[in-house]
Amino acid sequence: LDFLKAKSNVLIVIIPRGEKQKQQFMNYKKSDAVWKEKLIIPDSAIDTLSLLYYADLMIGGGGTMNREAVALGVPTYSFFCGPIGDVDQYLKNTGRLHFIATEEDIFKIEIRKKSEKKINFSKNGKLKEFIIKEIEACL
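Here goes a summary of the coordinates provided. A quick note: this is a predicted structure, and the numbers were derived from the prediction, not measured. (Residues numbered from 1 in each chain as written. Predicted model: local features only at pLDDT ≥ 70, side-chain atom pairs only at ≥ 80, totals over all residues. Heavy atoms only, no water.)

Right, let's get into the packing of aromatic side chains. What characterises a pair of aromatic rings is the spacing of the ring centres plus the angle enclosed by the ring planes. Tallied over the full model, the rule gives 3 aromatic pairs. Pairing Phe3 with Phe107 gives two aromatic rings, centres 5.6 Å apart and planes at 90°, and the pair type is edge-to-face. Of this pair, Phe3 sits in helix 1 (residues 2-5) while Phe107 sits in the loop between helix 7 (103-106) and helix 8 (127-138), and the two are 104 residues apart along the sequence. The exposure class assigned to Phe107 is exposed, which follows from its relative accessible area of 59%. Their ring planes at 90° and their centres at 4.7 Å tell us that Tyr53 and Tyr54 sit as a pair that is edge-to-face. Residue Tyr53 is classed as buried on the basis of its relative accessible area of 13%. Accessibility expressed as a relative area gives 57% for Tyr54, which makes it exposed. (Phe/Tyr/Trp six-rings, centres within 6.5 Å; stacked < 30°, edge-to-face > 60°. Helix = DSSP H or I, 4+ residues; strand = E, 2+ residues; numbered from the N terminus. Buried < 20%, exposed > 50% of the residue type's maximum accessible area, 1.4 Å probe, protein only.)

In C-alpha cells, the structure reads:
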C-alpha cells in the first residue's frame with residue numbers, strides 16, 4: 001500500500017475478506033490524511049465485475065477476481081503464496097498474470113492508465129457468448 005500511496009493519480013479500492021480485515025484497513029485509512037483521499041473500502045458487497053472492467057490494475061490474493069481481471073484485459077498481479085494451479089500457471093506463462101513473491105517484485109508493478117478501448121458488450125451480442133469466447137481464447 002505504501003508503494004501505491006506514493007504514486008500520483010492513484011485511487012485504491014480494497015475489498016476485505018471479512019469484518020476483521022475491513023477494520024484493519026479502516027484503521028489504516030484513518031491513520032493518514034493521504035489515505036482518506038486515495039483509499040476506498042466499500043461498506044457492503046459491490047459489483048466487482050464492473051469495478052474490474054473500469055480498473056487500470058488489479059492486485060489480489062489469488063483466485064476468481066484475478067482470473068476475471070485477466071479475462072477483462074486488466075493488468076493483474078497476485079500475491080498468492082501457495083501452490084499455483086494450472087490455470088494461473090498458464091496465465092503466468094502467457095504474461096497475463098504476474099506474481100509478487102518478494103518485496104522487490106512490488107517495484108515491478110506497472111501503474112499506468114489503460115487505453116480508453118473498452119469491451120463493447122453490445123457488439124459481441126450476448127454476454128454469455130462473449131465470456132465463453134474469451135475463456136476459449138485463453139485456453
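Now for the side chain of Thr76. Structurally, Thr76 can be placed in strand 4 (residues 76-78). Classification of Thr76 by relative accessible area gives buried; the value is 0%.

Let us look at the sheet that holds strand 4. Strand order in this open sheet of 3 strands is 3-4-5, and the pairing throughout is parallel. The sheet is open, and its two borders are formed by strand 3 (58-60) and strand 5 (97-99), each paired with just one other strand. Going across the sheet, the axis of each strand differs from the next one's by a mean of 25°, ignoring polarity. By the bridge criterion, 3 bridges tie strand 3 to strand 4 in an arrangement that is parallel. Counterpart to Ile59 in the pairing with strand 4 is Tyr77. (Pairing = 2+ DSSP bridges. Axes fitted to C-alpha atoms, helices over the stretch in contact; angles between N-to-C directions.)

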